[in-house]
Amino acid sequence: MPHLTLEYTTNLDRFSPDTALASLNQAMLDSALFGESDIKSRAVAVSTFKVGVADAARAFIHIRCALLAGRSDEQRKALAERLLAALQATLATPFAGELQLSVETLEIDRPSYAKAVIHGL
């Protein structure tokens, strides 16, 4: 735990999801809420999307971070702010239009979560 999903619109031609994930994983580790090998992240490119109704150049990047239940509201808020700052630091070139960045944390019910770790030979 955690499971981080980064969704980004494909009109961000200079955005590097690999760079962003590396930065976000480091931010999660630096939060001291997780063990290094427990951090999992993935990026999903969104090619079909709409932002509002105006005919304007718009894009978004949204982070969803699923955590096992039990962290305080303050810890979750601090993590969301840390992830937002880490994401912003990876944006080398400004987007020509409006770029919306957002982060949410979600709690996973502990009793319903199962995990196995399999090590190679």
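Residues numbered from 1 in each chain as written. Predicted model: local features only at pLDDT ≥ 70, side-chain atom pairs only at ≥ 80, totals over all residues. Heavy atoms only, no water.

Section: the overall build of the chain
And then number 1: From N to C terminus, the chain includes 2 helices and 4 strands.
And then number 2: When the helices and strands of the chain are placed in sequence order, the string is β-α-β-β-α-β.
And then number 3: By its C-alpha atoms, the chain is 50 × 35 × 25 Å across when sized along the principal axes.
And then number 4: In the chain, which comprises 121 residues, the proportion classed as buried is 31%. (Helix = DSSP H or I, 4+ residues; strand = E, 2+ residues; numbered from the N terminus. Buried < 20%, exposed > 50% of the residue type's maximum accessible area, 1.4 Å probe, protein only.)

Observations regarding the sheet that holds strand S2 (residues 40-46)
And then number 1: Spatial ordering of the open sheet is given by S2-S1-S3-S4, a layout of 4 strands whose pairing is mixed. Bordering the open sheet on either side are S2 and strand S4 (98-108), each of which pairs with just one other strand. Within this sheet the neighbouring strands show an average axis-to-axis angle of 15°, counted without direction.
And then number 2: The sheet contact formed by strand S3 (residues 58-68) and S4 spans 11 bridges and is parallel. (Pairing = 2+ DSSP bridges. Axes fitted to C-alpha atoms, helices over the stretch in contact; angles between N-to-C directions.)

Here we look at the confidence of the model for the chain
And then number 1: When pLDDT is averaged across the chain, the result is 93; 100% of the residues are at 70 or more.
And then number 2: Element-level pLDDT for the chain is lowest in S4, with a mean of 95, against a maximum mean of 98 in S2. (pLDDT = per-residue confidence, 0-100.)

Description of the layout of surface pockets
And then number 1: Estimates place the volume of the largest pocket at around 200 Å³.
And then number 2: What lines the largest pocket is a set of 15 residues, among which Arg 14, Phe 15, Thr 93, Pro 94 and Phe 95 lie closest to the centre.
And then number 3: By residue class, the composition of the lining of the largest pocket is 8 nonpolar, 5 polar and 2 charged. (1 Å grid on protein atoms, 1.4 Å probe; cavity = no way out; pocket = protein on both sides within 12 Å on 5 of 7 lines; lining within 4 Å. Points joined across faces, edges and corners; volume = space filled by probe spheres on them. Nonpolar A, V, L, I, M, F, W, Y, C, P; charged D, E, K, R; others polar.)

Here's the deal with the packing of helix H1 (residues 17-30) against helix H2 (residues 73-89)
And then number 1: Running from N to C, H1 and H2 point in directions that differ by 150°, and their axes come no closer than 9 Å. The angle between H1 and H2 falls in the class roughly antiparallel. Handedness of the crossing formed by H1 with H2: right-handed. Where H1 approaches H2, its residues Ala 20, Ser 23, Leu 24, Ala 27, Met 28 and Asp 30 are matched on the opposing element by Leu 79, Arg 82, Leu 83, Ala 86 and Leu 87.
And then number 2: By residue class, the composition of the contact of H1 with H2 is 8 nonpolar, 1 polar and 2 charged. (Parallel < 35°, antiparallel > 145°, perpendicular 65-115°, else oblique. Left-handed = near helix turned anticlockwise from the far one by under 90°. Contact = heavy atoms within 4.5 Å.)

With respect to the packing of aromatic side chains
And then number 1: Inspection of every chain in the model, using the stated rule, returns 2 aromatic pairs.
And then number 2: With a centroid separation of 5.1 Å and an interplanar angle of 55°, the aromatic rings of Tyr 8 and Phe 15 are classed as tilted.
And then number 3: Looking at Phe 15, the relative accessible area reads 11%, which means it is buried.
And then number 4: Taken together, a centroid distance of 6.1 Å and an interplanar angle of 90° make the contact between Phe 49 and Phe 60 edge-to-face. One end of the pair, Phe 49, is in the loop between S2 and S3; the other, Phe 60, is in strand S3, with 11 residues separating them in the sequence. (Phe/Tyr/Trp six-rings, centres within 6.5 Å; stacked < 30°, edge-to-face > 60°.)

Remarks on the nonpolar core
And then number 1: Counting 21 residues, the largest nonpolar core has Leu 4, Leu 6, Phe 15, Leu 24, Met 28, Leu 83 and Leu 87 as the members making the most contacts within it.
And then number 2: Looking at this core, the elements with two or more residues in it are strand S1 (3-9), H1, S3 and H2.
And then number 3: In this structure, Leu 6 is in contact with Phe 15, Ala 20, Leu 21, Leu 24, Arg 42, Ala 43, Val 44, Ile 61, His 62, Ile 63 and Leu 87, ignoring residues within four places of it in sequence. (Core = buried A, V, L, I, M, F, W, Y, C linked by side-chain atoms within 4.5 Å.)

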